[in-house]
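Overview (structure and organization)
Here is how the chains run, residue by residue.
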Amino acid sequence: MSKNTFTFINNRTGKKYDFDILDATRGPSVVDISTFYKKTGMFTFDVGFTSTASCSSEITFIDGEKGELRYRGLTIEELAQNHSYLEVCYMLLNGKLPNADELLGFDLELRHRSFLDEDLKKLIDSFPDRAHPMAILSSGVSALSSFHFEHLDIEDKEENQEMARRIIAKIPTIAAFSFRKSLGIPMIYPDIDRSFTENFLYMLRAYPGGKMKRTKEGSREIRDIEIKALDTIFTLHADHEQNASTTTVRNVASTGAHPYAAISSGISALWGRAHGGANESVIAQLEMIGEVKNVDKFIEKAKDPNDNFRLMGFGHRVYKNFDPRAKVLKSLQDQLKDELNLDSKLMEIATKIEEIALKDEYFISRNLYPNIDFYSGVILTALRIDRPMFTPIFVIGRTVGWITQLMELQGSKEFKIARPRQLYIGK
Ligand code: CMC
């Protein structure tokens, strides 16, 4: 038996089977069980994929024990502090950070591609007012595949990259249109003179004709500090290896479906409150708690095994330590406290929850730490972003991750239809 194999012994029959161990460049090795059924006549069983690697990938690395996250080898702290979201997008797509010329070209192209076909706008217009922006966003992205149906030639690398840049450029516009539609107010077209992140805030905030409200003090309509904060939020969400929505995107793409249809499925998967929808739920929960004096009662509810109440923004499948993205946001929150007038009541409640949970045996023994969503809501509220837009903001940040992962799958030897098996327990 070689050191590079894992031996499985079936105690019912006494038979032994060897499986290859594949080493990662970082993180745990894996046992290659792709021949398991063929050799043993049995399937493996892993509900929720807690022990299953579904693919190999060069894009993002997470060390959940240490609380470490890297895109293309660079730490999230370094990227959030020293690079813009567009640089991060370029790096995820191309494997390296852009030089000044490359960044300029990328930026200009995204600005030019940010407009939507008028017929797509009409489609968004036909949704009922008060529809949740996530519903409109996922439908809008699926519909985008009917306007750009040429991107099915997965062999054509340049065409694929163009398909990726197009969706990254258009998603903020679809998201902003979805928001304005949900309020029943006129849509605002992108402004080509504004950067990616500033333009998104502009499309949310402007009045018809592109006019912006000025503050009493006459300060600029969109402050640099707001652009920087939102840009950092986009960077922190850009990719997160094989999470539920990315796995959904890969699964749908594995059938050969249109890339934008796969991204639309990822948006739907992200919507749930166990995943990206948690950021909206955190603020709803803080508001429901209402007063610092009520925090203890809700902590007890979260610990009660007979109550399905969970503390939103706590816990993570992979991080068994502080979520590194949450750490970056916590320090951003401290920097913004005075400048952006963060809602002090919500922050007081959040701080109290954090204080109690970090010392409580229930949370310690289950490794339940605050995650990214615990902090993003307070910052987004300070950016005057309405709660239903929190998850669409996660979508904007994550689109580059989804499309990069999709292209990686298409270009890899592992490109085959995802088709798990089951343990049948019916009649
Ligand atoms: N509040 C109270 N108890 C919790 C929580 C929580 N937020 N999260 C997990 N637990 C308990 C859970 O009840 C279980 O206890 P026991 O062993 O006694 O049955 C134990 O911790 C393990 O929980 P699990 O559900 O088996 O863990 P999971 O890895 O399947 O779920 C999670 C991970 C993120 C879905 C879960 O922690 C959760 O629901 N958190 C709240 C929602 C949330 O904040 N989601 C955002 C995740 S970060 C953004 C992203 O990347 O998507």
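This section reports on the structure supplied with the text. (Residues numbered from 1 in each chain as written. Predicted model: local features only at pLDDT ≥ 70, side-chain atom pairs only at ≥ 80, totals over all residues. Heavy atoms only, no water.)

With respect to the site of the ligand
- Within the structure, the ligand sits among 19 residues, and His-275, Leu-311, Gly-313, Phe-314 and Arg-317 are positioned closest to it.
- The contact in question runs from an oxygen atom of the ligand to an N or O atom on the side chain of Arg-310, over 2.9 Å.
- A distance of 3.0 Å separates an oxygen atom of the ligand from a polar atom in the side chain of Arg-366.
- Coverage of the ligand by the protein amounts to 72% of the 940 Å² it exposes when considered alone. (Near = heavy atom within 4 Å. Polar contact = N/O pair within 3.5 Å; in protein donor to acceptor, adjacent residues only side chain to side chain. Areas by Shrake-Rupley, 256 points an atom, 1.4 Å probe, with all protein chains shown as cover.)

Some thoughts on the pattern of salt bridges
- Going through the model one piece at a time under the given rule, you end up with 26 salt bridges.
- We note a salt bridge from Asp-119 to Lys-122, for which the minimum N-O separation is 2.9 Å. You can see Asp-119 and its partner Lys-122 sitting in helix H5 (residues 118-125), three residues apart, about one turn around the helix.
- With a closest N to O distance of 3.4 Å, Glu-221 and Arg-194 form a salt bridge. Remark: Arg-194 occurs in the loop between helix H7 (157-183) and helix H8 (196-205) and Glu-221 occurs in the loop between H8 and helix H9 (224-237); sequence separation between them is 27 residues. Across the pair, Arg-194 and Glu-221 agree in class, each one buried.
- What you see here is one network of salt bridges that share partners, running through Glu-109, Arg-113, Glu-158, Glu-162, Arg-165 and Arg-166. (Salt bridge = Lys/Arg side-chain N within 4 Å of Asp/Glu carboxyl O. Helix = DSSP H or I, 4+ residues; strand = E, 2+ residues; numbered from the N terminus. Buried < 20%, exposed > 50% of the residue type's maximum accessible area, 1.4 Å probe, protein only.)

Some remarks on the pairing of strand S5 (residues 68-71)
- Along S5, one buried face is formed by Glu-68 and Arg-70 and the opposite face, lined by Leu-69 and Tyr-71, is buried too.
- Both strand S4 (residues 60-63) and S5 contribute to a ladder of four bridges, which runs antiparallel. Paired with Asp-63 across the two strands is Glu-68, which belongs to S5.
- Here S4 hands over to S5 after four residues, with Gly-67 in that stretch at a positive phi of 75°.
- The pairing of S5 with strand S6 (residues 74-75) spans two bridges and is classified as antiparallel. Residue pairing across strands places Arg-70 opposite Thr-75, the latter belonging to S6.
- Where S5 folds back on S6, the antiparallel hairpin that results is connected by two residues, among which Arg-72 adopts a positive phi of roughly 50°. (Pairing = 2+ DSSP bridges.)

Quick notes on the side chain of Thr-404
- As for its placement among the helices and strands, Thr-404 is situated in helix H18 (residues 390-410).
- Look at Thr-404 and you get buried, because its relative accessible area is 4%.
- Setting aside residues up to four positions removed in sequence, Thr-404 forms contacts with Ile-59, Arg-72, Leu-92 and Leu-93. (Contact = heavy atoms within 4.5 Å.)

Description of the packing of H5 against helix H6 (residues 133-147)
- Close contact between H5 and H6 brings their axes to 10 Å; oriented N to C, the two are set at 150°. With respect to H6, the element H5 is oriented roughly antiparallel. Considering only the axes of H5 and H6, their crossing is right-handed. Here H5 contributes Asp-119, Leu-120, Leu-123 and Ile-124 to the contact with H6, which in turn contributes Ile-136, Gly-140, Ala-143, Leu-144 and Phe-147.
- Across the contact of H5 with H6, the residue classes tally to seven nonpolar, one polar and one charged. (Axes fitted to C-alpha atoms, helices over the stretch in contact; angles between N-to-C directions. Parallel < 35°, antiparallel > 145°, perpendicular 65-115°, else oblique. Left-handed = near helix turned anticlockwise from the far one by under 90°. Nonpolar A, V, L, I, M, F, W, Y, C, P; charged D, E, K, R; others polar.)

Some remarks on the sheet that holds strand S2 (residues 16-22)
- Taken in spatial order, the three strands of this open sheet run S1-S2-S3, and their pairing is antiparallel. This sheet does not close on itself; its edge strands, each paired only once, are strand S1 (5-9) and strand S3 (30-31).

Some details on unusual backbone geometry
- Of note in the backbone geometry, Phe-49 takes a positive phi value of approximately 50° without being a glycine.
- By the element assignment, Phe-49 lies in the loop between helix H1 (36-40) and S4.
- Given the relative accessible area of 51%, Phe-49 is considered exposed.
- Here the phi dihedral of Arg-72 falls at roughly 50°; this positive angle occurs in a residue that is not glycine.
- Residue placement: Arg-72 occurs in the loop between S5 and S6.
- The exposure class of Arg-72 is partly exposed, given its relative accessible area of 24%.

Quick word on a nonpolar patch on the surface
- There is a patch of nonpolar side chains on the surface, built from Phe-45, Val-47, Leu-423 and Ile-425 and spanning about 520 Å² of accessible area.
- Counting through the fold element by element, Phe-45 comes out in the loop between H1 and S4. (Patch = residues over 30% accessible without salt bridge, like charges linked within 9 Å, V, L, I, M, F, W, Y side chains within 5 Å.)

Topic: the packing of aromatic side chains
- Per the counting criterion, the structure on display carries 16 aromatic pairs.
- Both rings, one in Phe-8 and one in Tyr-17, keep their centres 6.1 Å apart while their planes meet at 40°; by these two values the pair is tilted.
- With a relative accessible area of 24%, Phe-8 lands in the partly exposed category.
- Summarising the aromatic geometry, the rings of Tyr-90 and Phe-106 are spaced 5.5 Å apart at their centres and angled 90° between planes, so their arrangement reads as edge-to-face. Here Phe-106 lies in helix H4 (residues 100-113) and Tyr-90 lies in helix H3 (residues 85-94), a separation of 16 residues in the sequence. Like Phe-106, Tyr-90 is buried.
- Connected via pairs of aromatic rings, a cluster forms that spans Phe-314, Tyr-362, Phe-363, Phe-374 and Tyr-375.
- For Lys-39, the ring lying beneath its charged end belongs to Phe-19, and the centroid distance is 4.8 Å. (Phe/Tyr/Trp six-rings, centres within 6.5 Å; stacked < 30°, edge-to-face > 60°. Lys NZ or Arg CZ within 6 Å of the ring centre and 35° of its normal.)

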